[in-house]
Amino acid sequence: MAKLTELARQQFEKELADEEEQRRNSGAAASTPPGPGRGAKAQTQGPARMLRESLSFMPVRKQLQIPVEQVVVPEHYLRHPAEYETPEFRELMESIRQSNGNLDPIDVRFRKQENGAPGYELIAGTRRLEAVKRLGLKVVFANERDIDDATADFLHDVENAKRAEKRPFSLAMELSAMMKSGRYATQSELAERLGRNEGTVSSLLKLYDKAPAGLWERVEDPIAIRASEVAALVRAYDKPAFTDWVKQQRKPVPFATVLKKAKLATARPKPEKGVVDKIREVERGEFFHIVLPKALPSELRAKVLAFAKELAAKGDL
């Protein structure tokens, strides 16, 4: 335990030193420490600075090695399972495997288990905890903190934003659960407490909460949605062409297909060409043909032909 803690401390201090050197070289000014309810955009802070400043108002009670089975992950902090199958996650696993444990501690709160035994609730570190479990390690290195629910939400969100931001779908699930917890009266309050853009929070909540019934059960790869595609999908939620298509699906389909259907449902119909716009000239061999649409009455077509002949006879063509 002592060796692991010392290695983690050295890694953290090196990260702080590297960031401080970068700040001096760029001439950047020190930033205001972020915190719950302060309105600061914590997501703009560097990871080392964010962690250091978080500690200033969320001190660690103690660092300890916790049996992995004692750590419970709140449902609204979970990531979509597909996020644990990416190259980035495999790289994290390899790093933890080489050090025989996570040098970067997860964050937890003490919570007794249902049977009364000691237990801990995860605050931040879902990927690190999952990597430790998959590697078959028995314990996970952790910071125990004593903080309230809203502060835990802040720390969880800002840690993810700087280490490995959740994909939009996982983040939408997290924000939805936070709103349903009753801790936040409005979306604006949630955005402010997390230091996130209010428009982004609103879009992600719509992505998850306003989706047509059964949509996400019919998408085989929901983590494939990118932030830039959220608005295009949400716009289709109230279009019958899209909602009817969703109902017709009997098995999961790729998100790319879903997005294509959403864009088709919201596409503006091309304006119908007027009769005059359909009159055109076509070259065929030695002749130029004037093409007249069938919508023109026969009398009008006859007048067009007679007028063309009259002009030709006068030599005006």
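Above this text sits the structure in question.
As the structure is a prediction and not an experimental result, all values here were calculated from the model.

Student: Hey, could you run me through the nonpolar core in this one?
Tutor: Within soluble globular proteins, side chains that are nonpolar tend to cluster in buried spots. By size, the foremost hydrophobic cluster in this structure holds 42 residues, and its most contacted members are Leu-207, Leu-215, Trp-216, Leu-233, Tyr-237, Phe-242 and Val-258. At the level of secondary structure, the elements contributing two or more residues to this core comprise helix H5 (149-163), helix H6 (168-180), helix H7 (187-194), helix H8 (198-209), helix H9 (230-234), helix H10 (240-248) and helix H11 (255-266). When residues no more than four places from it in sequence are discounted, the contact partners of Leu-207 are Pro-168, Ala-172, Trp-216, Ile-225, Val-230, Leu-233, Val-234 and Tyr-237. Counting residues in hydrophobic clusters, the runner-up holds 19 residues, among them Met-93, Val-108, Leu-129 and Ala-131.

Student: How do you make sense of the pattern of salt bridges when you look at a structure like this?
Tutor: As a working rule, side chains carrying opposite charge can pair if their charged atoms are close by. For the structure shown, the criterion picks out 16 salt bridges. Arg-128 is paired through a salt bridge with Asp-104; the nearest N and O atoms lie 3.6 Å apart. A residue pair is termed long-range when its members are at least 10 positions apart, and Arg-128 in helix H4 (residues 126-134) and Asp-104 in the loop between helix H3 (87-99) and strand E3 (106-110) qualify at 24 residues. The exposure class of Asp-104 is partly exposed, given its relative accessible area of 22%. Residues Glu-229 and Arg-226 are paired through a salt bridge, measuring 2.9 Å at the closest nitrogen-oxygen approach. Salt bridges sharing common partners tie together Arg-109, Glu-121, Asp-149, Asp-153 and Arg-183.

Student: Please explain the packing of H3 against H4 as it appears in this structure.
Tutor: Two measures define how a pair of helices packs: the angle their axes make with one another and the distance between the axes. Their axes nearest at 9 Å, the elements H3 and H4 cross at an angle of 65°. Crossing handedness for the pair H3 and H4: right-handed. Contact with H3, carried on its side by Glu-88, Phe-89, Leu-92, Met-93 and Ile-96, involves Arg-127, Arg-128, Glu-130, Ala-131, Val-132 and Arg-134 of H4 and no other residues of that element. Taken together, the residues that form the contact of H3 with H4 break down as six nonpolar, no polar and five charged.

Each value, and the rule that gives it
- Counting of residues starts from 1 at the beginning of each chain's written sequence and follows it residue by residue.
- Residue-level local features of this predicted model are given only where pLDDT is at least 70; pairs of side-chain atoms are given and counted only at 80 or more, and the full residue set underlies all totals for whole chains, interfaces and linings.
- Side-chain metrics rest on all non-hydrogen atoms present in the structure, leaving aside hydrogens and water.
- To form a nonpolar core, buried Ala, Val, Leu, Ile, Met, Phe, Trp, Tyr and Cys residues must be joined to one another through side-chain atoms within 4.5 Å.
- With a 1.4 Å probe rolled over the protein chains alone, any residue whose accessible area is under 20% of its type maximum counts as buried; one over 50% counts as exposed, and the rest are partly exposed.
- Strands are runs of DSSP state E lasting at least two residues, helices are runs of H or I lasting at least four, and both sets are numbered from the N terminus onward.
- Contacts between residues were defined by any pair of non-hydrogen atoms, one from each residue, lying within 4.5 Å.
- For this analysis, a salt bridge means a side-chain nitrogen from Lys or Arg found within 4 Å of a carboxyl oxygen belonging to Asp or Glu.
- Only the contacting stretch of a helix is used when fitting its axis, a line to C-alpha atoms as for every element, and angles between N-to-C directions run 0 to 180 degrees.
- Whether a crossing is left-handed or right-handed is set by the direction in which the near helix is turned from the far one by less than a right angle, anticlockwise for left-handed and clockwise for right-handed.
- Polar here means any residue other than Ala, Val, Leu, Ile, Met, Phe, Trp, Tyr, Cys and Pro, which are nonpolar, and Asp, Glu, Lys and Arg, which are charged; Gly is therefore polar.

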